[in-house]
Amino acid sequence: MKIVVAFLSLTIFIFGYLYFFTGYKSAFEADQQCHYELRIKSDELDGLGCDHDLETNQWLLYRQASNGQPSQIVERYRY
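Residues numbered from 1 in each chain as written. Predicted model: local features only at pLDDT ≥ 70, side-chain atom pairs only at ≥ 80, totals over all residues. Heavy atoms only, no water.

Chemist: Account for the overall build of the chain, naming residues and giving values.
Modeler: For the chain, the helix and strand inventory stands at two helices and three strands. In the chain, the order of α-helices and β-strands from amino to carboxyl end is α-α-β-β-β. Its C-alpha atoms give the chain a radius of gyration of 17 Å, more than 25% over the compact-globule value 12 Å for 79 residues. Oriented by its inertia axes, the alpha-carbon framework of the chain measures out at about 55 × 30 × 25 Å. Within the chain, the proportion of its 79 residues that are buried is 19%. Counting only contacts in the chain whose residues sit at least 6 apart along the sequence, the fraction spanning at least 24 positions is 31%. A total accessible area of about 6,400 Å² is found for the chain, and carbon and sulfur atoms account for 58% of it. (Helix = DSSP H or I, 4+ residues; strand = E, 2+ residues; numbered from the N terminus. Rg over C-alpha atoms; globule rule 2.2 N^0.38 Å. Buried < 20%, exposed > 50% of the residue type's maximum accessible area, 1.4 Å probe, protein only. Contact = heavy atoms within 4.5 Å. Areas by Shrake-Rupley, 256 points an atom, 1.4 Å probe, with all protein chains shown as cover.)

Chemist: So what about the pattern of salt bridges? Which residues, and what values?
Modeler: Overall, the coordinates contain two salt bridges when judged by the stated rule. For K41, the salt bridge identified is with E37, shortest N-O distance 3.7 Å. Of this pair, K41 and E37 are both found in helix α2 (residues 27-41), four residues apart, which corresponds to roughly one turn of the helix. On the basis of relative accessibility, which here comes to 19%, the residue E37 falls in the buried class. Here E75 makes a salt bridge to K41, at a shortest N to O gap of 3.7 Å. Taken together, the residues span a long stretch of sequence, with E75 in strand β3 (residues 72-78) and K41 in helix α2 at a distance of 34 residues. You can call E75 partly exposed: its relative accessible area is 32%. Look at K41 and you get buried, because its relative accessible area is 18%. Overlapping salt bridges bring together E37, K41 and E75 as one network. (Salt bridge = Lys/Arg side-chain N within 4 Å of Asp/Glu carboxyl O.)

This is the structure in structure tokens:
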């Protein structure tokens, strides 16, 4: 039982570390990366754009859909 609790605690710690410490340090860095990827991927994908989501603290690289369909997220840049 102690081994299971120790394993679960270690797993939660590792996932928490990866989630909280593997993003960009600021919105500026995330913005720069999003616009860089926008320039690079615009040759292969049409209708790309970058937008800042204040609620989730991330920049989104998205592809605009046609005919009133919702846009598709290509990449997320969390800070």
